[in-house]
Amino acid sequence: METNNDYEKYQRAKKQVEQIKGFYSHLASYILVMAILIFINLKYTPQYLWFLWSMMGWGIGLFFHAMKVFNWMPFFNQEWEEKKIREYMEEENNKSKYE
């Protein structure tokens, strides 16, 4: 028989896998679009490398996406989020007991 705790672990693992899958889709689209932009830039306006601006801007977003997905953030990671959820649930339970 599967316990509630096992189900919660499964759900967290499933969510993590979906987030990783989303990140790799983001990475693949970044690589594809950047390749197209580099080609266009070098073919039509090689004197000014404007694709670097797109690459840098989107790259920053991609970096923060990776930090979130792979739990590289020192603050606001999955453990912090779960701890805060438990705290708020306990506060709600305490409020309802005194009302």
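Being a predicted model, the structure only gives us computed values, none of them experimental. (Residues numbered from 1 in each chain as written. Predicted model: local features only at pLDDT ≥ 70, side-chain atom pairs only at ≥ 80, totals over all residues. Heavy atoms only, no water.)

Draft legend 1. Layout of the UniProt feature "transmembrane region" (unreviewed entry) in the protein. UniProt tags residues 21–42 and 48–67 as "transmembrane region" (unreviewed entry). Structurally, residues 21–42 is divided into 100% helix and 0% strand, and its ends, taken at the C-alpha atoms, are 32 Å apart. Regarding residues 48–67, the helix share stands at 85% and the strand share at 0%, and the terminal C-alpha atoms are separated by 31 Å. (UniProt positions renumbered as here; feature names shortened; annotations may be inferred. Helix = DSSP H or I, 4+ residues; strand = E, 2+ residues; numbered from the N terminus.)

Draft legend 2. Quick look at the nonpolar core. In terms of nonpolar packing, the biggest core is built from 6 residues, these being Phe23, Tyr30, Met34, Leu62, Ala66 and Val69. Taken together, the elements giving at least two residues each to this core come down to helix H1 (4–44) and helix H2 (51–69). The contacts of Val69, once residues within four sequence positions are left out, are Gln16, Gln19, Ile20 and Phe23. (Core = buried A, V, L, I, M, F, W, Y, C linked by side-chain atoms within 4.5 Å. Buried < 20%, exposed > 50% of the residue type's maximum accessible area, 1.4 Å probe, protein only. Contact = heavy atoms within 4.5 Å.)

Draft legend 3. Examining the environment of Leu27 more closely. With respect to the element layout, Leu27 can be found in helix H1. In this structure the C-alpha to C-alpha distance between Leu27 and His65, which are 38 residues apart in sequence, comes to 9.6 Å.

Draft legend 4. How the structure looks around the packing of aromatic side chains. Taken as a whole, this structure holds 6 aromatic pairs when the rule is applied. When the ring of Phe63 is compared with that of Phe64, the centres are 5.7 Å apart and the planes differ by 70°; the resulting orientation is edge-to-face. In this structure Phe63 comes out as partly exposed when scored by relative accessible area, which is 46%. On the basis of relative accessible area, Phe64 is assigned to the partly exposed category, the value being 45%. An aromatic cluster is defined as three or more aromatic residues linked by ring pairs; in this entry it consists of Phe23, Tyr24, Phe70 and Trp72. (Phe/Tyr/Trp six-rings, centres within 6.5 Å; stacked < 30°, edge-to-face > 60°.)

Draft legend 5. Representation of H1. Counted at 1.5 Å a residue, the expected span for H1 with its 41 residues is 60 Å, and the 60 Å between its end C-alpha atoms agrees. Along H1, the positions that sit buried rather than exposed are Gln19, Phe23, His26, Tyr30, Met34 and Asn41. Residues of H1 that are buried in the fold lie against H2. (Expected span 1.5 Å × (residues − 1).)

Draft legend 6. Molecular detail of the confidence of the model for the protein. Here the protein shows a mean pLDDT of 88. Residues at 70 or above account for 89%. Averaged over each element, pLDDT in the protein is lowest for helix H3 (residues 78–98) (79) and highest for H2 (95). (pLDDT = per-residue confidence, 0-100.)

Draft legend 7. View of H2. Between the first and last C-alpha of H2 there are 26 Å, a value that for 19 residues agrees with the 27 Å anticipated at 1.5 Å per step. Listing the buried residues of H2 in full gives Phe51, Leu62, Ala66, Met67 and Val69. As for H2, its buried residues are in contact with H1. Count one or two residues on from H2 and you reach Asn71, which has phi positive near 55°.

Draft legend 8. Main features of the packing of H1 against H2. Where H1 meets H2, the closest approach of the two axes is 10 Å, and the angle between their N-to-C directions is 170°. Relative to H2, the element H1 is oriented roughly antiparallel. Split into classes, the residues belonging to the contact of H1 with H2 amount to 14 nonpolar, 10 polar and 1 charged. (Axes fitted to C-alpha atoms, helices over the stretch in contact; angles between N-to-C directions. Parallel < 35°, antiparallel > 145°, perpendicular 65-115°, else oblique. Nonpolar A, V, L, I, M, F, W, Y, C, P; charged D, E, K, R; others polar.)

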